[in-house]
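Architecture at a glance
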Amino acid sequence: MLKRSSRRVLLVAGEASGDLHGGYLVQELQSQCPGVQIAAVGGDCLRACEVDILADVRLLSAAGLVEIIGSLRRHYLVMELLKREMDQYRPDVVVLVDYPGFNMFVAKEAKRRGIPVFFYIAPQVWAWGQGRAKKMERLIDKLAVIFPFEEEIFNSHGRKFAHYVGHPLVDELHVTGNRKQIRERHGLSLEQPLLVLMPGSRRAEVRMLLPAMLHASSQLRADGWQVVLLKAPTIDRSFLEQVSGSLIRDIPLINGDTYNLLHAADAGVIASGTATLEAALLGCPHVILYRFSWLTYLIVKLVIGRRIIGLPNVILGRQLFPELIQRQVTSANIVRSVKLILEERPLFDSAVRELQVAMGSAGASRRAAKELVEMIR
């Protein structure tokens, strides 16, 4: 629990990427505001910052409008815990990192108690429509956005509460070796093309995507590819084996070293999300997969229509990285898209350079922490 202090922060990160970005934010906050007391819903990255972990991020791991129903009780219990924390320890600010479906409810509870709210990494209102932007203006005291065009979108309703700080991935993407060194470290050939599989950090998407990924990888291995599967920290090995059965038996399963392996890969097959942007910036062209229950998909289609989904494509303003959605997620389509990527590698290399310029300069976590410190001093 939070100790009595002049500066108290309650932070909520809802999934693996939020835990990662939240960890870097906390490091900067601890540097700029020594002695700050922090309690958090988070995972390994926030735990490494020696903050008080109230609940593990895995409890909030859910995807899709329908899939989240199965985790409602876990979300309810975490919410009750957070309300007790706010009532008993009165943090100076509640910090919310991404995960808007849950975190907007946390913001509402904080607002009800008169506790200021700082939101880092805004929901993608440019994909879902601007209704959420109006709601955030009412509930959020300060919003740190990571794309330059978001500042105007959120501030267009009257109050200037959004500030562009840059994208944290520019700070976080570190590679510790060259292609040869990385492959040798993992016992991978330098001559064969390397494919990385990233089925996601949430059980629902892994269940929907991994079998098709593995069937496609079997075909590609027969054509001379080598394949590795990169496991998210929120997914247990036993669950991957349960979902995939014998298909996963001959594929190396790697936990950690994700950035290095993306840098050393020739192509990837990746669940839609932050990982697609990480892969693109690390020079790994990839196929983006999006698949949920049909009811979830129909609701999404009604709300946002058929737009490009992958973050690299959104930022580029065009669909360059192949996207396979719902029934398009088949092993045959994945194989075809991976082979196309290999044939058109110079095109993707050019896109990576364009993305790197669009993402701006380093220092997002430091700038976000500075905005936050202004709220608690």
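Residues numbered from 1 in each chain as written. Predicted model: local features only at pLDDT ≥ 70, side-chain atom pairs only at ≥ 80, totals over all residues. Heavy atoms only, no water.

In terms of regular secondary structure, the protein chain is built from 18 helices and 13 strands. Evaluated residue by residue, the protein chain yields a buried proportion of 57% over its 377 residues. Long-range pairs, those at least 24 residues apart, make up 68% of the contacts in the protein chain between residues at least 6 apart in sequence. For the protein chain, the computed accessible surface area is about 16,000 Å², with 51% contributed by carbon and sulfur atoms. (Helix = DSSP H or I, 4+ residues; strand = E, 2+ residues; numbered from the N terminus. Buried < 20%, exposed > 50% of the residue type's maximum accessible area, 1.4 Å probe, protein only. Contact = heavy atoms within 4.5 Å. Areas by Shrake-Rupley, 256 points an atom, 1.4 Å probe, with all protein chains shown as cover.)

As a further point, take the pairing of strand β12 (residues 286-290). Most of β12 sits inside the fold, with five of its five residues counted as buried. The two faces of β12 match: His 286, Ile 288 and Tyr 290 on one face and Val 287 and Leu 289 on the other face are all buried. Where strand β11 (residues 267-271) lies against β12, four bridges are found, and the strand directions are parallel. For Ile 270, the partnering residue across the bridge sits in β12 and is Ile 288. By the bridge criterion, three bridges tie β12 to strand β13 (residues 323-325) in an arrangement that is parallel. (Pairing = 2+ DSSP bridges.)

The first and last C-alpha atoms of helix α4 (residues 100-112) sit 18 Å apart over 13 residues, in line with the 18 Å expected at 1.5 Å per residue. Among all positions in α4, only Pro 100, Phe 102, Asn 103, Met 104, Val 106, Ala 107, Glu 109 and Ala 110 are buried. Directly beyond the C-terminal end of α4, a positive phi value near 75 degrees is found at Gly 114. (Expected span 1.5 Å × (residues − 1).)

Let us look at the packing of aromatic side chains. For the structure shown, the criterion picks out four aromatic pairs. Here the aromatic rings of Tyr 99 and Phe 102 are separated by 6.3 Å at their centres, their planes lie at 50 degrees, and the arrangement is tilted. Under the relative-accessibility criterion, Phe 102 is labelled buried at 6%. When the ring centre of Phe 105 is taken as reference, the NZ or CZ atom of Lys 135 above it lies at 5.8 Å. (Phe/Tyr/Trp six-rings, centres within 6.5 Å; stacked < 30°, edge-to-face > 60°. Lys NZ or Arg CZ within 6 Å of the ring centre and 35° of its normal.)

Ranked by size, the top nonpolar core spans 94 residues in total, and within it Leu 29, Val 95, Tyr 120, Leu 195, Leu 262, Leu 289 and Val 338 carry the most contacts. Of the residues forming this core, the biggest block, eight residues, is contributed by helix α10 (residues 203-222). When near neighbours in sequence (up to four residues on either side) are disregarded, Leu 262 contacts Val 196, Met 198, Leu 230, Ile 270, Ala 279, Leu 282 and Cys 284. With 32 residues, the next largest nonpolar core counts Ala 39, Leu 96, Ala 107 and Leu 143 among its residues. (Core = buried A, V, L, I, M, F, W, Y, C linked by side-chain atoms within 4.5 Å.)

Glancing now at the pairing of strand β9 (residues 226-231). The side chains of a regular strand alternate, first on one face of the sheet and then on the other. Burial of β9 is extensive: six of the six residues sit out of reach of the surface. Side chains of β9 alternate between two faces, with Gln 226, Val 228 and Leu 230 and Val 227, Leu 229 and Lys 231 buried alike. Sheet topology note: the strand β8 (residues 194-198)/β9 ladder contains four bridges and is parallel. Residue pairing across strands places Leu 195 opposite Val 227, the latter belonging to β9. Regarding the hand of the β-α-β motif, the stretch spanning β8, α10 and β9 is right-handed. (Right-handed = clockwise from strand over helix to strand, strands pointing away.)

As far as function goes, none of this settles anything; it's purely spatial.
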